[in-house]
Amino acid sequence: MKQMSAVLFLLAVIFSLTANLTVSHADDLGVEHVTESHVMIPMRDGVKLSAYLYIPDGEGPWPVLMEQRYASFTAKSTRQSMAQMAAAGYVVAGVNFRGTQQSEGRYVGYRALGWGEQQDGYDIVEWLAVQPWSNGKIGTFGSSQAGFAQNFLAVTQPPHLVCQYMIDTGLSLYHEGYRIGGVTKPNRFKNMATACRVPEHNHDLMLEWYQHPTYDEYWQDEDCTRHFDKMNVPCFTVGSWFDFMCVGSVNSYIGRQHNGGPNSRGAQHLLVGPWLHGRFNKTNKYRDVNYPQNANFDIMQHMLKWFDYHLKGIENEIAAAPTVSYYVMGAFDEEDAPGNVWRTAEDWPIKTQATDYYLQPEAGLALTVVDQADSSSSIKADPFHPASIPGTSFPGAQDARPFEEQSEVLTFTTDVLEEPVEWTGNVETELFVSSDAPDTDFIVRVSDVYPDGRSILLIDMVRRARFRDGFEAEKLMTPGEVYKLKFNIGWLSQIFNKGHRIRVTVASTGAPFYEPNPNTGEPLTIETPEKQFVATNRIYHNKLHASKVIAPVPIESPQR
């Protein structure tokens, strides 16, 4: 019966090829010999998804490249890049999630992409594989939302999926999307309604989220880390140091390389550079940084070489590419500064020595524990007047002093470094805290402080205190009791140059980037609750409660 259903589905999708099809040449994009068309692709439950196809002139058939996302494909720059890829000898398909843009069905975020009753990614790949212009070899690409989508797709194992190329990707929607550090961002995700065919569907989905504050079975259904063993294709993953989702890029590589299926293990590649979150933005100059020219990376050219190798059998430099390449950042405007070089590794992470940097009285940061029995610093967590972190994207690669100089923000800074210091790997923190509130937030940041005072933000992360022992259960605080919060701040490869200082910043608010905690400990809501109050939080740095940042210092790693 299952085989008969599969045959009927295949016949249905082939028959529907001509349905809702519009065709035109992509001449307005400055790309010749490529046809642009729109088609509605049927899923197994009858829902049709909006897809834009770019087909090169000629007889074909060709391998197919597919991107799946909720954002529109109609911007000229998007159409142009897809047409350029098609001109390289591929059919290129941009497909919207169900319920977004022109796609039919109810918007349910990523829940229709994976391993449930609906497997939209699987159905798209298999539909593309049987079209007359397709040779049956499918590769997928994309960044951020389209990176998440590729991890979901890989778990479903469509037979015609050959390889993938992910940029700034993610794995778990709870941990890397909707509940980062246990902190909700309702105002940010309200804006998802603009991508929905029926905007109210987004609000309904958000209501669903708030019925599941902890990492329960609901969120496990959107966590690809639980299914690495089913991911079974080669993938090239590109990550960015100045991106909070770098954790998703790194963990995607690690999970697939070591725990994936037989065609995945040992067939992964990871490249991480000094960039912001995005796709065609991997350049050396942005915000307040200006790295050497070697930091430029042509995503389009490299991605096409990856697909040429895997989908066309063309021998090129991909065959000899190192398993891991990573850019070691250094001072970007100092002559002969160590760092600012690419290194390679056989695997990730490299071997490091965990090195503790302890918070000190009088705003210091040092390798020694404070020799005092009672030393601490206090800050206010004021949801009515929070400290300001503008925007909704990670504000790294720029001077953090505007945040650090605000009231209720603490900084802890080393003495001037007498020699360069390298951190390469996962940076963690262990804070000892108390509060007069049952719940509150703690934000930790790491910056490179230049001799002229600039404090270039490298990484940051937040942790909601109720999730201090994990995301599976909420545990409120008892006022005045001291608790330990240990969590990852982020992945990094940085050489702090001689004459610089290392800074750790601690705060409890930073809006709108981190929407403030009402500090009540009550269930969180989409709209700002009427009941909120100002909390007084304390961070301890003494013999008994030695708050610290744990740095990954490479073992026998060159500084140049």
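Up top you'll find the structure we're talking about.
Residues numbered from 1 in each chain as written. Predicted model: local features only at pLDDT ≥ 70, side-chain atom pairs only at ≥ 80, totals over all residues. Heavy atoms only, no water.

Check the secondary structure of the protein chain and you find 11 helices and 26 strands. The C-alpha radius of gyration of the protein chain comes to 25 Å, within 12% of the 24 Å expected for a compact globule of 560 residues. Counting all 560 residues of the protein chain, 60% fall into the buried class. Contacts spanning at least 24 positions in sequence make up 75% of the contacts within the protein chain whose residues lie at least 6 apart. Surface accessibility of the protein chain: about 22,000 Å² in total, with carbon and sulfur atoms responsible for 50%. Side chains of the protein chain carry 46 positive and 66 negative charges; the gap between the two charge centres is 2 Å. (Helix = DSSP H or I, 4+ residues; strand = E, 2+ residues; numbered from the N terminus. Rg over C-alpha atoms; globule rule 2.2 N^0.38 Å. Buried < 20%, exposed > 50% of the residue type's maximum accessible area, 1.4 Å probe, protein only. Contact = heavy atoms within 4.5 Å. Areas by Shrake-Rupley, 256 points an atom, 1.4 Å probe, with all protein chains shown as cover. Lys, Arg positive; Asp, Glu negative; His and termini not counted. Charge placed at Lys NZ, Arg CZ, Asp CG, Glu CD.)

Attention shifts here to the environment of Phe 384. With respect to the helices and strands, the residue Phe 384 is situated in the loop between strand 16 (376-381) and strand 17 (388-389). Taking relative accessible area as the criterion, Phe 384 reaches 47% and is therefore assigned partly exposed. Separated by 132 residues in sequence, Phe 384 and Pro 516 place their C-alpha atoms 8.5 Å apart.

As a further point, take the pattern of salt bridges. Any two side chains of opposite charge can pair, so long as their charged atoms come close to each other. As enumerated under the stated definition, the model contains 26 salt bridges in all. A salt bridge links Asp 168 to Lys 282, with the shortest nitrogen-to-oxygen separation between them at 2.7 Å. With Asp 168 in the loop between strand 7 (161-167) and helix 5 (173-178) and Lys 282 in the loop between strand 9 (268-276) and strand 10 (285-286), this pair connects stretches of sequence that are 114 residues apart. An identical accessibility class is assigned to Asp 168 and Lys 282; each is buried. When salt bridges with common partners are traced through the structure, they connect Asp 45, Arg 98 and Asp 120 into a single cluster. (Salt bridge = Lys/Arg side-chain N within 4 Å of Asp/Glu carboxyl O.)

The next point concerns helix 9 (residues 246-259). Its 14 residues give helix 9 an end-to-end C-alpha distance of 19 Å, which sits within 8% of 20 Å, the value for a rise of 1.5 Å per residue. Turning to helix 9, its buried residues are Cys 246, Gly 248, Ser 249, Val 250, Ser 252, Tyr 253, Gly 255, Arg 256 and Gln 257. (Expected span 1.5 Å × (residues − 1).)

Quick look at the pairing of strand 18 (residues 409-413) now. Most of strand 18 is tucked away, with four of its five residues classed as buried. Judged from the five bridges that link them, strand 18 and strand 23 (residues 501-507) form a sheet pairing that is antiparallel. The partner of Val 409 across the bridge, within strand 23, is Ala 507. (Pairing = 2+ DSSP bridges.)

Moving on, we come to the sheet that holds strand 18. Read across the open sheet, the four strands follow the order 18-23-20-21; overall the sheet is antiparallel. Here the strands that pair on one side only, and so sit at the sheet edges, are strand 18 and strand 21 (455-464). Sheet twist, expressed as the mean angle between neighbouring strand axes with direction ignored, is 20°. (Axes fitted to C-alpha atoms, helices over the stretch in contact; angles between N-to-C directions.)

Turning our attention to the side chain of Gln 257. Relative to the elements of secondary structure, Gln 257 occurs in helix 9. For Gln 257, the side chain forms a polar contact with the main-chain nitrogen of Ala 267, separated by 3.4 Å. With sequence-adjacent residues up to four places away left out, Gln 257 is seen in contact with Ser 264, Arg 265, Gly 266, Ala 267, Gln 268, Thr 323 and Asp 347. (Polar contact = N/O pair within 3.5 Å; in protein donor to acceptor, adjacent residues only side chain to side chain.)

Along the polypeptide, Pro 61 turns up in the loop between strand 3 (48-56) and strand 4 (62-69). Here Pro 61 falls in the partly exposed class, since its relative accessible area comes to 46%. C-alpha separation for the pair Pro 61 and Glu 334, spaced 273 residues apart in sequence, amounts to 52 Å. Setting aside residues no more than four positions away along its own chain, Pro 61 makes contact with Pro 132, Trp 133, Ser 134 and Asn 135.

Here Trp 348 and Pro 349 are connected by a cis peptide whose omega angle stands at 0°. Note that Pro 349 resides in the loop between strand 13 (341-345) and strand 14 (352-359). The phi dihedral of Asn 340 falls on the positive side, at around 55°, and the residue is not glycine. Along the chain, Asn 340 falls in the loop between strand 12 (324-328) and strand 13. By relative accessible area, Asn 340 is classed as buried at 10%. Its identity is not glycine, yet Glu 362 carries a phi of approximately 60°, on the positive side. Relative to the assigned elements, Glu 362 resides in the loop between strand 14 and strand 15 (365-366).

Below, the discussion takes up the environment of Tyr 52. Within the secondary structure, Tyr 52 is located in strand 3. Tyr 52 sits in the buried class, given a relative accessible area of 13%. Considering only alpha carbons, one finds Tyr 52 and Arg 79, 27 residues apart in sequence, at a separation of 8.8 Å. Those residues in contact with Tyr 52, other than ones at most four positions away along the chain, are Ser 37, His 38, Phe 73, Thr 74, Val 92, Ala 93, Gly 94 and Gln 102. Polar contacts involving the side chain of Tyr 52 include one to the side chain of Gln 102, which spans 2.8 Å.

Here, the word disulfide means a covalent bond between the sulfur atoms of two cysteines. For the structure on display, the rule yields zero disulfides. No disulfide involves Cys 163; its nearest neighbouring cysteine sulfur is the one of Cys 235, lying 8.5 Å away. (Disulfide = S-S within 2.5 Å.)

Residue placement: His 541 occurs in the loop between strand 25 (535-540) and strand 26 (548-554). Assessed through its relative accessible area of 2%, His 541 is described here as buried.

What follows covers the nonpolar core. Membership of the largest hydrophobic core comes to 104 residues, with the highest contact counts inside it found for Tyr 165, Phe 307, Trp 348 and Trp 423. Sort the elements by how many residues they give to this core and strand 22 (residues 483-496) lands first, with eight residues. The residues touching Trp 348, leaving out its near neighbours within four places in the chain, are Trp 241, Val 250, Tyr 253, Ile 254, Leu 270, Val 324, Tyr 326, Thr 424 and Trp 491. Membership of the second largest hydrophobic core comes to 33 residues, among which are Tyr 70, Phe 97, Phe 148 and Tyr 178. (Core = buried A, V, L, I, M, F, W, Y, C linked by side-chain atoms within 4.5 Å.)

In contact at an axis separation of 11 Å, helix 2 (residues 76-87) and helix 10 (residues 299-311) are set at 40° when each is read in the N-to-C sense. As for the relative orientation of helix 2 and helix 10, their crossing is right-handed in sense. Residue-level contacts link Ser 81, Gln 84 and Met 85 of helix 2 to Met 300, Met 303 and Leu 304 of helix 10. For the contact of helix 2 with helix 10, the class distribution of residues is four nonpolar, two polar and no charged. (Left-handed = near helix turned anticlockwise from the far one by under 90°. Nonpolar A, V, L, I, M, F, W, Y, C, P; charged D, E, K, R; others polar.)

Moving on: helix 10. Here helix 10 spans 18 Å end to end across 13 residues, near enough to the 18 Å set by a 1.5 Å rise per residue. Of all the residues in helix 10, the buried ones are Ile 299, Met 300, His 302, Met 303, Leu 304, Trp 306, Phe 307, Asp 308 and Leu 311. Taken together, the buried residues of helix 10 touch strand 4, helix 2, strand 6 (134-143), strand 7, strand 8 (235-242) and strand 9. Looking at where helix 10 begins, the residue whose side-chain oxygen comes 3.3 Å from the main-chain nitrogen of Met 300 is Asp 298. Looking at the residues trailing helix 10, positive phi occurs at Gly 313, about 70°.

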